[in-house]
Amino acid sequence: MKSLPYFCRGPVVRGFGRGSKELGIPTANFPMSVVDNLPADVSTGIYYGWARVDSGEIHKMVMSIGWNPYYKNTKKSMETHLIHKFEEDFYGQTLSVAMVGYIRPERGFNSLEELIAAIHGDIEEAKKKLDLPEHLKLKEGNFFRTSVSTTSDQIMNGH
Ligand code: ADP
Ligand code: RBF
Ligand code: MG
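These numbers come from a predicted model, not from an experiment. (Residues numbered from 1 in each chain as written. Chains lettered and ligands numbered in written order. Predicted model: local features only at pLDDT ≥ 70, side-chain atom pairs only at ≥ 80, totals over all residues. Heavy atoms only, no water.)

A closer look at the side chain of His135
One can find His135 in helix 4 (residues 133–139). Discounting chain neighbours no more than four positions away, the residues touching His135 are Tyr48, Trp50, Val100, Lys129 and Leu130. (Helix = DSSP H or I, 4+ residues; strand = E, 2+ residues; numbered from the N terminus. Contact = heavy atoms within 4.5 Å.)

Next up, the structure:
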């Protein structure tokens, strides 16, 4: 995928409200404007990378892009689970993400337990891959050094 690493930034909007309640895995959703800006070669599926809320700490993340076949969504979504325990929700704040690598395509499952187990597997893979020197260095790169604008719907894409 020649577009990786891919950097983007946008406000956290409300999704289907399923992530934390049903799965125990909250996902911060981007608005359609960010989803529509994805380069054509960034296919749907599960990715890993780095993420930050406003100007906070940089955390490891996993992201799902697509229609969630298990739920048969009609709207394409781009949802990020940050591998960190937050004390509070951060709706409306600016999420910056660096998508670093691809894990697998999205798929359907026979039960919620299987979907949850697959996501936990993705989290373990992300943790391991992001410790590689070539991936750690993206955390220190320019993207996360630039300050976050107060315009909440700003979309940025660049190195
Ligand atoms: P929604 O359907 O509205 O996206 P979720 O159940 O997926 O609802 O919860 C997502 C929200 O949970 C995020 O928008 C964010 O405010 C909050 N949140 C708390 N911890 C995390 C985390 N570790 N990763 C992502 N979002 C988190
Ligand atoms: N949904 C699916 O239908 N199929 C998947 O394979 C799938 N994989 C996911 C992997 C990760 C790392 C994350 C964070 C989410 C994934 N989801 C998948 C999306 C999940 O169904 C969604 O986050 C919840 O429905 C909450 O919106
Ligand atoms: Mg969500």
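What about the coordination of the magnesium ion (ligand 3)?
Taken together, Thr27 (O), Thr27 (OG1) and Asn29 (OD1) make up the full set of protein donors to the magnesium ion (ligand 3), lying 2.2 to 2.3 Å away. Thr27 gets classed as partly exposed once you look at its relative accessible area, which sits at 26%. (Donors = N, O, S within 2.8 Å, 3.2 Å for Na, K, Ca; no water. Buried < 20%, exposed > 50% of the residue type's maximum accessible area, 1.4 Å probe, protein only.)

Thoughts on the site of ligand 2
As a structural note, the neighbourhood of ligand 2 is formed by 18 residues, with Asn68, Tyr70, Glu79, Arg104 and Arg107 the closest of them. With respect to ligand 2, the side chain of Glu79 contributes an N or O atom lying 2.5 Å from an oxygen atom. Protein chains shield 99% of the accessible area of ligand 2, which is 540 Å² for the free molecule. Those elements that provide at least two residues to the shell around ligand 2 are strand 4 (58–66) and helix 3 (112–129). Among the elements that make up the shell around ligand 2, the one with the highest residue count is helix 3 (three residues). Residue composition of the shell around ligand 2, grouped by class: eight nonpolar, four polar and six charged. (Near = heavy atom within 4 Å. Polar contact = N/O pair within 3.5 Å; in protein donor to acceptor, adjacent residues only side chain to side chain. Areas by Shrake-Rupley, 256 points an atom, 1.4 Å probe, with all protein chains shown as cover. Nonpolar A, V, L, I, M, F, W, Y, C, P; charged D, E, K, R; others polar.)

Keep in mind that these numbers describe shape and distance, not what the molecule does.
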